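Descriptive structure summary
Each chain, written out:
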Amino acid sequence: MPRGSRTLTQTTLLISGLIYVLFRGLAAAFDSGIFRTLSKLALACLVLVALVWVFRVVWSRFFWRVGRRLAFSYFTVGVLPMAMLALIFLLAAYLSGGFLLGHLYRDALDDLDDELVSAAETRVADIEHRRPDLPDRVGDLAFAEYRKWRRVSGDAESPLLWPAWLEAGAESAAGEAAGKASGKAAAGDPAATERHPFIALADGRISAAAVARSGDHGVLVYFTGSLDAELRRRTHVWVDLLRDDDPRRKSTTRLQISGREFRLGGLWLDRTPEQSADYYQLNPPASPGAPRFWEKPTILWMESTGSLPALATGQAASGDVAAALASSPPSLFRAMLSTSAEVDSAAWLALVGVAVLFAEIYLVAAGVAIFMIFGLSRAVNRLSQATEAIAHGDFSTRIPVRRKDQLGDLQRSFNSMSEHLQELVQTAAQKEALDKELALARQVQQDLLPTAIADRPGVEFSTYFEPSAAIGGDYFDILAAGDGRVAVVVADVAGHGLAAGLRMALVKSALTLLVEDRFAAPAILARLHRLLRNKPGERSFVTASLSLFDPATGSFELTNAGHPPAYLVRAGGEVEEILVPGLPLGALGGISAPPGEARGTLAPGDALVWLSDGLIECVDAVGEQFGYDRVRQHLAGVPTSAAHVRDRLLNSIRHYTGGLPADDDRTLVVMVYRGAVEGRGAVGASPR
């Protein structure tokens, strides 16, 4: 806060305090209402000035940095509105869920009414055809037959005289349907716009009824079971019908807005454990006995209908009937998307697609805003720090200028003031930092390769790795493949440098996981091929050889994807080339053609040799390659040990090249089989 502004604020605080003390003292001395009022005004002014002072202090200290100001601006403009929109969305989703609850309830009620009317009409037709022995009850339906307006048979609870009031309601509903079909509606007539089958039985229970008549014959049918349970069964939501005198029913609020009355009925929130159990029978949770929060009936709704007439008299037994509805979001989603699996899938895909699109747009906008905030803040901070360094005599300070705006011009102007100072020192420091980074990257790559091969019963290994650059693209590893088997991996990523090293790290991670999961070798290479093909950015090719060896039997399976051949050195010194065709991983087409596969069995004393093309393609002083024939020639001989076979080939290559540096990564893995070992490890899952 500026000194002048701070002094003015402090002076205002002091004056406001003195005025408050003065008026407070006068009010106590003279017991005057005017002075008490003035003291309260002075206190309000004092509090207001104090709040302004606190706000300015906090603002000046917290928002002194430009980055904080920009971040606060983005929060108020970009984050806060999204939170408010999220709340509005949740409210709209809740209201939509309530409307859907009401829709399901009304549809079930209409279906029940139609079934009652159909049952009554069917009974009238049976009577006209003089069908004997018609029962008074069929399931939860009770029937009463009327002739010349008097009951001649049926349940004792049905009225003695023909319930003409039910017939009038049915005719009103039929008139309403006809009006809708013709595009007209009876305005202002509740009977023409509202039809419900509710009636009250003698014991006060809410039920449903319908009538049908032909000539002087009539039939009354009504539901004798639990109407609540029937509606729950039809809707798969919790339905509880409440009379206006039901003690569980909450109070109703009526609002008058622009001459229209809105009735807000209280939602029924109290459910007994038995009722909750009934609900979860309709909508079983994913984990029985422990429903998650979103599986609980958190969406509540209330539907209200007209008066409830008594079945016996037709007089109103209750002012109205309210239906307390409850369901969970997953249940409503299933109801909304339950027409077919195709519609369900399409709707979900559309919803997820739109949501992902909106999320991506917002994330891009947020990323741009955060990028600009950090960019501006970093530029200002750099200017501030560089100016402070110059003030302390450090004229070697430079500001990296990447901006092409006013701040960028300001940074360039600053750099021009100290452009001739200590350039050599800065260049040396930059080179040292770069060398350290490359050394660190090379060390990271070395850490990805096995530093020491653990002893395994029945086999002996020896390896060699020489990168041609600071970071190489070759990779080898020896992994446990389950069932006591050993997996030997040798791969070569196209290219050199940091990009090849990163791809090599990706190949190692994927192969390690897939081998540990005990996939079959062709399946592992196929998955790795898809991973490389689906990876965004520049396409890369990887040649790989994956071999699975069982020390208990000496059998091996070799799967090759564009990699140089492996070599089998027999105990007697003979060399066999294992050449199997296969396309490199990540290549166009790739594993669409199956990789090359070979199988064989090692005898005790036999050796297997895997190598990369850096050893085969190394050249002598005149540029001639070492070649496959020389590899086979120098591998010949008794494989007394894995290290002996390795050194024999490497010494031949060094002698051939005359010590020239490698122009490609060189990798060599030698395995010598010593014989079957009893007591193999526990059997794992079969390869997938």
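Residues numbered from 1 in each chain as written. Predicted model: local features only at pLDDT ≥ 70, side-chain atom pairs only at ≥ 80, totals over all residues. Heavy atoms only, no water.

**Some words on the pattern of salt bridges**
Worth spelling out the cut-off: Any Lys or Arg side-chain nitrogen located within 4 Å of an Asp or Glu carboxyl oxygen qualifies as a salt bridge. Partly exposed residues are those whose accessible area sits between 20% and 50% of the maximum for their type, while under 20% is buried and over 50% is exposed, using a 1.4 Å probe and protein chains only.
A complete count under the given rule lists 14 salt bridges for this structure. R147 is the partner of E145 in a salt bridge, and the nearest nitrogen-oxygen pair spans 3.1 Å. Given a relative accessible area of 16%, E145 falls into the buried group. The exposure class assigned to R147 is partly exposed, which follows from its relative accessible area of 40%. For the salt bridge of E597 with R599, the shortest nitrogen-to-oxygen distance reads 3.8 Å. For R599, a relative accessible area of 60% translates into the label exposed.

**Points about the sheet that holds strand β17 (residues 542–549)**
One key point about sheets: their strands pair by backbone hydrogen bonds, in either a parallel or an antiparallel sense. What counts, and what does not: DSSP bridges decide pairing: two strands pair if at least two such bridges lie between them. Think of it this way: any DSSP run of H or I at least four residues long counts as a helix, any run of E at least two long counts as a strand, and we number them from the N terminus. Angles run from 0 to 180 degrees between N-to-C directions of axes, and those axes are lines fitted to C-alpha atoms, restricted for helices to the stretch in contact. Contacts between residues were defined by any pair of non-hydrogen atoms, one from each residue, lying within 4.5 Å.
Read from one edge to the other, the open sheet built from five strands follows the order β15-β16-β17-β18-β21, with strand pairing classed as antiparallel. The sheet terminates laterally at β15 (474–480) and β21 (596–601), the two strands that pair on one side only. On average, each strand axis in the sheet is tilted by 10 degrees relative to the strand beside it, whichever way the strands run. Bridge analysis of β15 against strand β16 (residues 486–493) gives seven bridges, and the strand direction is antiparallel. Of the residues in β16, the one forming a bridge with Y475 is A491. On the sheet, helix α13 (residues 521–534) packs against β17, β18 (555–561) and β21 and is oriented at approximately 155 degrees with respect to β17.

**Re the packing of aromatic side chains**
Rules: In summary, the pairing rule links any two rings of Phe, Tyr or Trp, Trp by its six-membered ring, whose centres are within 6.5 Å, and it sorts them by plane angle into stacked for under 30 degrees, edge-to-face for over 60 and tilted for everything else. Charge-over-ring contacts are defined here by two conditions on Lys NZ or Arg CZ: a distance within 6 Å of the ring centre and an angle within 35 degrees of the ring normal.
One pass over the structure, following the stated rule, counts five aromatic pairs. Taken together, a centroid distance of 6.5 Å and an interplanar angle of 55 degrees make the contact between W149 and W162 tilted. Here W162 lies in the loop between β3 (150–154) and α4 (164–181) and W149 lies in the loop between β2 (141–147) and β3, a separation of 13 residues in the sequence. The buried category is assigned to W162, whose relative accessible area is 9%. Here F626 and Y656 contribute two aromatic rings whose centre-to-centre distance is 5.3 Å and whose plane-to-plane angle is 75 degrees, an arrangement assigned as edge-to-face. Separated by 30 residues along the polypeptide, F626 in the loop between α14 (613–616) and α15 (627–635) and Y656 in helix α16 (residues 642–657) bring together distant segments of the chain. A relative accessible area of 17% means that Y656 is categorised as buried. In this arrangement the basic side chain of R123 is found over the ring face of F143, its NZ or CZ atom lying 4.0 Å from the centre.

**Points about the pairing of strand β10 (residues 299–304)**
Counting buried positions over the six residues of β10 gives five, a clear majority of the element. Where β10 lies against strand β13 (residues 321–327), six bridges are found, and the strand directions are antiparallel. Among the inter-strand pairings, S304 is bridged to a residue of β13, identified as A322.

**Comments concerning the confidence of the model for the chain**
Any residue range with low pLDDT should be treated as having predicted coordinates unsuitable for detailed reading. Convention followed: A score from 0 to 100, pLDDT tells how confident the predictor is in each residue.
Per-residue confidence for the chain gives a mean pLDDT of 78, with 80% of residues at or over 70. The low-confidence segment residues 173–194 (pLDDT under 50) makes 13 contacts with residues lying over four places distant or belonging to another chain. Ignoring residues within four places in sequence, the model shows residues 679–688, a span with pLDDT below 50, making 21 contacts including any to other chains.

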